[in-house]
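Chain residues, written in single-letter form:
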Amino acid sequence: TLDADVAAAGALVAEANTRPRVLFILQPPEAPTLVAGGDTAAGSMIDLAGGENIYPGFGSYIPMTPEGIVEIAPDIILTTDASLERFGGREAFLAAPGVAQTPAAQAGRIVSMEDLYLLGFGPRTGKAVADLARLLHPELAP
């Protein structure tokens, strides 16, 4: 089932006609805001779903300043549901320094998914890739 779901997600992603620049933001408890490099679960999910990870050259999750977030100008910001909660909800996240000034926030292109579903790479991986692909590529939505 997992193999079939991953194959179906790959076929769905192949239908996408866009490759949005995606910034993944993680807000751990009592820690600075982090962004995902290429060698992370978030970076892998972005790639599998047909997005372009903005920081592929970084090997891990790294702290990022509001100025760095503004400068990179993502098309879409991806985060986890728990990170959104730690920011104080979607509206607080959209208004956060750095985030608010991005094209993604100004267009309302903030994508959030349940933490383990997005980053867990378990038996639901194929379904998570397909769901993320639909969120990153509006043309794939059913």
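Here is what the cut-offs are and how they apply
- Residues numbered from 1 in each chain as written.
- Predicted model: local features only at pLDDT ≥ 70, side-chain atom pairs only at ≥ 80, totals over all residues.
- Heavy atoms only, no water.
- Salt bridge = Lys/Arg side-chain N within 4 Å of Asp/Glu carboxyl O.
- Helix = DSSP H or I, 4+ residues; strand = E, 2+ residues; numbered from the N terminus.
- Buried < 20%, exposed > 50% of the residue type's maximum accessible area, 1.4 Å probe, protein only.
- Core = buried A, V, L, I, M, F, W, Y, C linked by side-chain atoms within 4.5 Å.
- Contact = heavy atoms within 4.5 Å.
- Expected span 1.5 Å × (residues − 1).
- Arc of directions from axis to C-beta.
- Polar contact = N/O pair within 3.5 Å; in protein donor to acceptor, adjacent residues only side chain to side chain.
- Phe/Tyr/Trp six-rings, centres within 6.5 Å; stacked < 30°, edge-to-face > 60°.

Asker: Tell me what's going on with the pattern of salt bridges, and back it up with residues and numbers.
Answerer: Applying the stated rule across the entire model yields three salt bridges. We note a salt bridge from Asp5 to Lys127, for which the minimum N-O separation is 3.6 Å. Residue Asp5 is located in helix H1 (residues 2-14), and its partner Lys127 is located in helix H8 (residues 125-136); the two are separated by 122 residues in the primary sequence. Lys127 gets classed as partly exposed once you look at its relative accessible area, which sits at 45%. Residue Arg124 is joined to Glu114 by a salt bridge in which the shortest nitrogen-to-oxygen separation is 3.7 Å. Taken together, the residues Arg124 in the loop between helix H7 (115-119) and H8 and Glu114 in the loop between strand E6 (110-113) and H7 connect sequence positions ten residues apart.

Asker: Report on the nonpolar core, specifying residues and quantitative values.
Answerer: Core analysis: the largest hydrophobic core is formed by 26 residues, its most contacted members being Phe24, Leu78, Leu118 and Leu132. Those elements that place two or more of their residues in this core are H1, strand E1 (21-26), strand E2 (34-36), helix H2 (41-48), strand E5 (76-80), E6, H7 and H8. Looking at this core element by element, the count peaks at six residues for H8. Residues in contact with Leu118, not counting those within four places in the same chain, are Phe24, Met45, Leu78, Thr79, Thr80, Met113 and Leu132.

Asker: Please give an account of H1 that cites residues and values.
Answerer: Taking 1.5 Å of rise per residue, the 13 residues of H1 would be expected to cover 18 Å, and the 18 Å separating its terminal C-alpha atoms lies within 8% of that figure. All of the buried residues in H1 are Asp5, Ala9, Leu12 and Val13. For H1, the buried positions fall inside an angular range of 95 degrees around the axis, keeping them on one side. For H1, the exposed residues set more than 90 degrees away from the buried face come down to Asp3, Ala4, Ala7 and Ala14. In this structure, the buried residues of H1 make contact with H2 and H8.

Asker: Which residues make up the environment of Leu12, and what values do they have?
Answerer: Among the secondary structure elements, Leu12 is positioned in helix H1. Those residues in contact with Leu12, other than ones at most four positions away along the chain, are Ala130, Ala133, Arg134 and Leu140.

Asker: Go over the side chain of His137 with me, naming the residues and quoting the values.
Answerer: Mapped onto the elements of the fold, His137 is located in the segment after H8. Assessed through its relative accessible area of 0%, His137 is described here as buried. Here the side chain of His137 touches Thr18 through a polar contact of 2.8 Å, side chain to side chain. Not counting residues within four places of it along the chain, the set of residues in contact with His137 comprises Ala16, Thr18, Arg19, Pro20, Ala49, Gly50 and Gly51.

Asker: Requested: an account of the packing of aromatic side chains, with residues and values cited.
Answerer: Enumeration over the complete set of coordinates arrives at three aromatic pairs. Plain terms: the ring middles of Phe87 and Phe93 are 4.8 Å apart, the flat faces sit at 85 degrees to each other, and that makes the pair edge-to-face. Judged by relative accessible area, which is 0%, Phe93 ranks as buried.

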